Amino acid sequence: QFEKDGAEDAGLVKIDLLGNRSLAVIRDAIASVRTRTGHQIDYTTADPEDDEPTRALFRSGRTMGVFYTESPASRLLCAKSKADTFELLVLNTSIIRPASNRFIRVYLERLHGKPYEPLDPSLRDTLASTFGVMVYQEDVVNVASVFAGMPLATGDGLRKALSKKRPVKQLVAYAEEFFAGADRLRRDPETAKRVWEMIMSFAGYSFCKGHSCSYIRVAQHSCYLRAHHPAHFMAAVLANGGGFYHPFAYVAEAMRMGLTVHPPDVNASAYRCEGHDREVRIGLQFIKGLSADGCRRLLEARDGSGRPVRQFTSLADLRHRARLSAEDLRTLIKVGACDTIAGEWTRPMLLWMVDAESVGAKERRNGDQMESWLDRDTGELAAEVERSVEIVPAQRPAQSADEHYLAVPMLREYPAERRRREEFAALGFTTDCHPMDLYAEELRRFRICRTPELHRHVGKTVLLAGMLTTAKPVHTVTDEPMEFATFDDGEGLVEAVLFPEIYRARGHVLFDQGPFIFRGRVEEEFGAITVTLTHLDRLERMLDKLGARRPGR
C-alpha cells in the first residue's frame, strides 16, 4: 500500500509502467506480415539500424506513424539534422524539449560542421558526444560535478529539482552552491552563468539517455516496418488509434506512400484495419453510427467460429442473418459498405428499401405482427409481404433468384461528390481521394501554392490551403502564447508557425480539422521548409466573403 514518494523514502525500488501503443502497432504489423506472407520477423533479434531504406526515412523526416519521431517538431529536426544513426536519433529525442530551442540551433550548426570550443575546457570530454551541448539528464549531474565540484548526489538533487520531482531544496539553494563551487575552482564568472543557463534549460521536462535509447530502439523497429511493409504498418497504426494525428492524416499519408485505401465492406472488412500487399482495408471500427451490437452481429454472422466464412449475398441476406437494425443498415449503406452486395441497386434504392421496410414493420407491430419481411425465409416472406404491402416484380436483376421486393422506384446513384462527403462524415476521411479534393472547384478561385512547390518560394509570401492535422500551443521566452500547426493539402504537409500576434488574432479559428486557407512567408532552415503565417481563415468563411460558395455547402 505504499504510494510512490513513501516507497522512495523507505528505500524501495519504484518502477513506472506505462502503456505504449506503438508496441501494439509493431506487434500487429509483424503478425499481419506473418499471416499474409508467411514471413516471420523476429523482433527480438532484428537490427534495423543498418537498413538503408529505414535510414532514408529518418533523415528525410518521413516518419509519420513512427513512434516518437512523428510529431511536427521531431520530423523537422530529423530533416534538419539528417539524423539516421542510432546515436544521433537518441540525441535528437532528448534535445527536443520546450526550453532548449536555442541550444537545438547551436547543436545543428555544430553538427553540420561549424567549429566550436566547449564553454570551458573542463567540459570538453564531458560533452564531447553531444557537440558541447547538454542533452541528457545525466549531463546535469556530470556538468555540476566537473564544472562546479558538486557531489554527484547533490547534482542528482539538482536534476530532480529541475524536473520538479520532490526537490530536496529550492533551485536558488542549488544555484548558490553551483556558483560557489565554480568560484572555488576559479571558473570564469560569465562562463559559469552560461553553463547555469544551459542547466536551466532542463527545467520541467527532459530525458535520461537510457530512456531515449529505448525509445529510439522502438522507433527504428517501427520505421523498418514502414519502409518494408508499408500497408501492414499503416493498417496497424490506424487499427491502434493512430498517434499524433487525426486518422485522415494517416490515410492521406498512406495514399502518398502509393498505397490503395479501400473503404469498409460488409464482406471484406474485419473490425480493425488490415493491410495486404500495397492495400489497406478500413475496418468497421471507423464507421461512426454503427452500433457495437450491430458490428458484433455482422462479424458473427459472417465469420462465426466453427464454420467457414459465409459472405453476404444481398442486403436482405445481411439483414436476415445478422439481424441488423434499420439504423445500422442505413449507416452501412451510406458509407458504401454494402456496395458490393447491392447488385444493380443504387444507394438511394437500398435506403428506400430499408425505410419502406421500417414503415411496414411499424405498421405490422401495431397489428401484433412483429417479424420483418427481410427477416423471413423466402416462402414466408412473400406471403407476409403480400398481406401488408404491394409487390411488384423487380425491374432489374434481383439480389437473388427467388426474392421478392417492396415497390422500389428507380433512383439514380448519388454523385461521386455526395458519396465522398457521406463517407467523410461517417469515417472522418475519404478513401478514394483527399478531403481537400472535395473543394477543388472552390480553390480554383485562388492562386494556391501547393506543398511540392514551397521550396521554390523561400523568402516569399504565398497562399495555401489545407486540413489541420495537429496543433500545439506553446509560449515564447517572454511567456506569450503562440502555436505550431501542421496542415495537409493533399500533396504534402505544411509546417506552420503562428507567432503571438497572429495567434491572438486568428488562432481561435483552429477548432476542428477545417479546411483552412492561410497566407505566410516561406522559411528554410537546414533544408527544412516552414511557413510563418500572416493570415488565417476558414475556407468556408473566405468563400462566403467572395460569394463563391456552392449551394448546400
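Read on for an overview of the structure. Keep in mind that what you see is a predicted model, and the values were worked out from it rather than measured.

## Regarding the pairing of strand 7 (residues 516-525)
As paired strands, strand 4 (residues 461-475) and strand 7 are joined by six bridges and run antiparallel to one another. Bridge assignment links threonine 461 to a residue of strand 7, and that residue is arginine 521. Hairpin connection of strand 7 to strand 8 (residues 528-538): two residues between the antiparallel strands, including phenylalanine 526 at a positive phi of 55°.

## Let's talk about the nonpolar core
The nonpolar side chains of a soluble globular protein tend to be buried with one another. Core analysis: the biggest nonpolar cluster contains 125 residues, and Ile199, Leu318 and Leu332 have the highest contact counts within it. At eight residues, the largest contribution of residues to this core is made by helix 12 (residues 230-239). Setting aside its immediate chain neighbours within four residues, leucine 332 contacts Val266, Ile287, Leu290, Leu298, Leu318, Leu324, Ala337 and Cys338. Formed by 19 residues, the second largest nonpolar core is a distinct cluster that contains Val462, Ile502, Phe516 and Leu536.

## Here we look at the environment of valine 522
With respect to the secondary-structure elements, valine 522 resides in strand 7. The exposure class assigned to valine 522 is buried, which follows from its relative accessible area of 0%. In sequence terms valine 522 and histidine 457 are 65 residues apart; their C-alpha atoms lie 6.4 Å from each other. Look past the residues within four positions of valine 522 in its chain and what remains in contact with it is Leu454, His457, Val458, Gly459, Lys460, Val462, Ile529 and Thr530.

## What to know about the layout of surface pockets
In this structure, the second largest pocket spans a volume of roughly 770 Å³. Forming the walls of the second largest pocket are 30 residues, and the residues nearest its centre are Ser60, Gly61, Arg62, Arg75 and Leu493. Secondary structure elements with two or more residues in the lining of the second largest pocket: helix 3 (52-60), helix 4 (72-81), helix 11 (209-228), helix 13 (247-256), strand 6 (493-498) and strand 8. When residues in the lining of the second largest pocket are grouped by element, the largest group, four residues, is from strand 8. Of the residues belonging to the lining of the second largest pocket, the class tally is 14 nonpolar, eight polar and eight charged.

## What to know about the packing of aromatic side chains
Within a pair of aromatic rings, the relevant descriptors are the distance that separates the centres and the angle that separates the planes. All chains considered together, the criterion is met by 15 aromatic pairs. Ring centres of tyrosine 245 and tyrosine 250 lie 6.0 Å apart, and the angle between their planes is 75°; on these two criteria the pair is classed as edge-to-face. Exposure remark for tyrosine 250: the relative accessible area of 0% places this residue in the buried category. Aromatic rings pair up to connect Phe67, Tyr68, Phe207 and Tyr215 into one cluster. We note arginine 418 situated over the ring of tyrosine 414; from NZ or CZ to the ring centre the distance is 3.9 Å. Note that arginine 538 overlies the ring of phenylalanine 511, its terminal NZ or CZ placed 4.2 Å from the centroid.

## Some thoughts on helix 22 (residues 539-546)
Taken residue by residue, helix 22 has Leu539, Met542 and Leu543 as its buried positions. Taken end-on, helix 22 shows its buried residues confined to a sector of 100°, consistent with a single buried face. Elements that come into contact with the buried residues of helix 22 comprise helix 20 (440-443), strand 7 and strand 8. Within two residues after helix 22, glycine 547 carries a phi angle of roughly 70°, on the positive side.

## Points about empty space enclosed by the protein
Counted by the stated rule, this structure contains four cavities of 30 Å³ or more. Within this model, the largest cavity holds a volume of roughly 60 Å³. For the largest cavity, the full set of lining residues is Tyr68, Thr69, Ser74, Leu77, Cys78, Leu89, Asn92, Thr93 and Ile96. Sorting the residues of the lining of the largest cavity by element identifies helix 4 and helix 5 (86-95) as the ones contributing at least two each. A class-by-class count of the residues in the lining of the largest cavity yields five nonpolar, four polar and no charged. Quantified by volume, the second largest cavity comes out at close to 40 Å³. As for the second largest cavity, its lining consists of Gln137, Val140, Arg159, Leu162, Ser163, Phe202 and Ser206. Those elements giving two or more residues to the lining of the second largest cavity turn out to be helix 7 (137-148) and helix 8 (152-162). Residues of the lining of the second largest cavity, tallied by class, amount to three nonpolar, three polar and one charged.

## Topic: the sheet that holds strand 3 (residues 279-281)
Sheet architecture is open: three strands sit in the order 1-3-2, paired in mixed fashion. A strand with exactly one partner marks an edge of an open sheet, and here the two such strands are strand 1 (260-262) and strand 2 (274-276). Across the sheet, the axes of successive neighbouring strands diverge by a mean angle of 20°, strand direction being ignored. Taken together, the three bridges between strand 2 and strand 3 define a ladder with antiparallel strand orientation. The residue of strand 3 that forms the bridge with histidine 276 is glutamate 279. Relative to strand 2, helix 12 is tilted by about 175°, and along the sheet it contacts strand 2 and strand 3.

## Comments concerning the sheet that holds strand 8
Spatially, the five strands close up into a barrel ordered 4-5-6-8-7, and their pairing is mixed. Averaged over neighbouring strand pairs, the angle between their axes works out to 45° when direction is ignored. Note that strand 5 (residues 481-488) and strand 6 share six bridges and pair antiparallel. In the strand pairing of strand 6, threonine 486 is matched with glutamate 495. The strands touched by helix 22 within the sheet are strand 7 and strand 8, with strand 8 carrying the most contacts at an inclination of about 55°.

What counts and what doesn't
- Residues numbered from 1 in each chain as written.
- Predicted model: local features only at pLDDT ≥ 70, side-chain atom pairs only at ≥ 80, totals over all residues.
- Heavy atoms only, no water.
- Pairing = 2+ DSSP bridges.
- Helix = DSSP H or I, 4+ residues; strand = E, 2+ residues; numbered from the N terminus.
- Core = buried A, V, L, I, M, F, W, Y, C linked by side-chain atoms within 4.5 Å.
- Buried < 20%, exposed > 50% of the residue type's maximum accessible area, 1.4 Å probe, protein only.
- Contact = heavy atoms within 4.5 Å.
- 1 Å grid on protein atoms, 1.4 Å probe; cavity = no way out; pocket = protein on both sides within 12 Å on 5 of 7 lines; lining within 4 Å.
- Points joined across faces, edges and corners; volume = space filled by probe spheres on them.
- Nonpolar A, V, L, I, M, F, W, Y, C, P; charged D, E, K, R; others polar.
- Phe/Tyr/Trp six-rings, centres within 6.5 Å; stacked < 30°, edge-to-face > 60°.
- Lys NZ or Arg CZ within 6 Å of the ring centre and 35° of its normal.
- Arc of directions from axis to C-beta.
- Axes fitted to C-alpha atoms, helices over the stretch in contact; angles between N-to-C directions.

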